[in-house]
Amino acid sequence: MEDAHHGPSNLVLLGPPGAGKGTVAELLVTRLDVPHISSGDMFRAAIRAGTGLGREVAATIKRGELVSDQVTVAVIRERLAAKDAAGGYLLDGFPRTIAQAEALQALSKVSAVINLDVSDDLAVLRISGRRVCTADREIYHLANRPPHVAGVCDRCGGPLIQRDDDRPAAVRHRLQVYHRLTTPLVEFYARRALLLGVDGSLPAIQVRDQILAHLPTRGARPLAAGA
């Protein structure tokens, strides 16, 4: 989507683990007609493929740390060069540090930065309830999307597990890392008048609607009936 006054919709989605960034992002890109670029999704794909990058990222995640700026920027630079990102994008999970934000400035002009705010307790509750199928990677949640049979994937019958980095202690460590390294981004973008703060504890549809109402862009696709 491109706006005559503001150019492409180059958006960044910030928020701690458990803020619902992935869900909100998918709702937004449907309306804005831009690709959802998730560094986490790209890293997980590399891990499943067993690439050198995947092994490096897996070891980093197991330690509860963030992937290095150098590796992350290189992956994002290549992705933003793809044709589907020429008319705009929604970045989810990047940038996470000031160094990454400065690198992004050199790569592209950001239109707005959306910050989803949730408490640590809610983030832990949301993430620790996740269960993942070991066979087809389908994701469930004990409270919000439980399987029909406890511990069993509805689609393929495979066993469901709780990932190590989804356990409460690991989540709290991830949140500590997030607050230490990523929270300064809020001030970084606020000083540049790019920040849009949103209550991430609300239902995802309400979060999406708040964001769309305040974005410095026009021309979003109309809502389908019931959406």
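None of the values given here were measured: they were computed from a predicted structure.

Draft legend 1. Seen up close, the pairing of strand β4 (residues 88–92). Among the five residues in β4, five count as buried, and that is most of the element. Alternating positions in β4 separate into two faces, Gly88, Leu90 and Asp92 on one and Tyr89 and Leu91 on the other, with burial throughout. Pairing geometry for strand β3 (residues 36–38) and β4, over three bridges, is parallel. Bridged to histidine 36 within β4 is leucine 90.

Draft legend 2. Representation of the side chain of threonine 97 in the model. With respect to the helices and strands, threonine 97 occurs in the loop between β4 and α5 (98–107). At 2.9 Å, the side chain of threonine 97 forms a polar contact with the side chain of aspartate 69. Polar side-chain contacts of threonine 97 include one of 3.1 Å to the backbone nitrogen of glutamine 100.

Draft legend 3. Here's a closer look at the sheet that holds strand β6 (residues 130–133). Sheet architecture is open: three strands sit in the order β7-β6-β8, paired in antiparallel fashion. At either margin of the open sheet sits one strand with a lone partner, and together these are β7 (139–141) and β8 (160–161). In this structure, β6 lies alongside β8, joined through two bridges in antiparallel fashion. Across the sheet, the residue bridging to cysteine 133 is leucine 160, located in β8.

Draft legend 4. Region of interest: the environment of isoleucine 76. Considering the arrangement of structural elements, one finds isoleucine 76 in helix α4 (residues 69–80). Accessibility expressed as a relative area gives 0% for isoleucine 76, which makes it buried. For the pair formed by isoleucine 76 and alanine 103, sequence separation is 27 residues and the distance between their alpha carbons is 10.0 Å. With sequence-adjacent residues up to four places away left out, isoleucine 76 is seen in contact with Ile37, Ser39, Met42, Leu91 and Phe94.

Draft legend 5. How the structure looks around the side chain of serine 108. Structurally, the position occupied by serine 108 is in the loop between α5 and β5 (112–117). Residue serine 108 is classed as buried on the basis of its relative accessible area, which comes to 16%. Within the local environment of serine 108, its side chain forms a polar contact with the side chain of asparagine 10, the two groups lying 3.4 Å apart. Ignoring anything within four residues of it in the chain, the contact list for serine 108 reads Asn10 and Tyr89.

Draft legend 6. How the structure looks around unusual backbone geometry. Here the bond from phenylalanine 94 into proline 95 is cis, since omega is 0°, no more than 30 degrees from zero. Tracing the chain through its elements places proline 95 in the loop between β4 and α5. A positive phi angle, close to 65°, is found at arginine 137, a residue other than glycine. Note on placement: arginine 137 falls in the loop between β6 and β7.

Draft legend 7. Representation of helix α7 (residues 168–181) within the structure. Look at α7: 20 Å from first C-alpha to last across 14 residues, which is about the 20 Å you get at 1.5 Å a residue. All of the buried residues in α7 are Val171, Leu175, Val177 and Tyr178. Considered in projection along α7, the buried side chains sweep an arc of 160° and stay on one side of the axis. Looking at α7, the residues exposed on the side facing more than 90 degrees away from the buried face are Ala169, Gln176 and Arg180.

Draft legend 8. Quick peek at α5. Listed as buried for α5 are Gln100, Ala101 and Leu104. When α5 is viewed along its axis, its buried side chains cluster within an angular range of 100° and face the same direction.

Draft legend 9. Seen up close, the packing of aromatic side chains. According to the stated counting rule, one finds one aromatic pair in the structure shown. Across the ring face of tyrosine 140, the terminal group of arginine 145 is positioned such that the distance to the ring centre comes to 4.7 Å. Sitting over the face of the ring of phenylalanine 188, arginine 192 holds its NZ or CZ atom 3.7 Å from the ring centroid.

Reading the values: rules and limits
Residues numbered from 1 in each chain as written. Predicted model: local features only at pLDDT ≥ 70, side-chain atom pairs only at ≥ 80, totals over all residues. Heavy atoms only, no water. Buried < 20%, exposed > 50% of the residue type's maximum accessible area, 1.4 Å probe, protein only. Helix = DSSP H or I, 4+ residues; strand = E, 2+ residues; numbered from the N terminus. Pairing = 2+ DSSP bridges. Polar contact = N/O pair within 3.5 Å; in protein donor to acceptor, adjacent residues only side chain to side chain. Contact = heavy atoms within 4.5 Å. Expected span 1.5 Å × (residues − 1). Arc of directions from axis to C-beta. Phe/Tyr/Trp six-rings, centres within 6.5 Å; stacked < 30°, edge-to-face > 60°. Lys NZ or Arg CZ within 6 Å of the ring centre and 35° of its normal.

These figures capture arrangement, not role.
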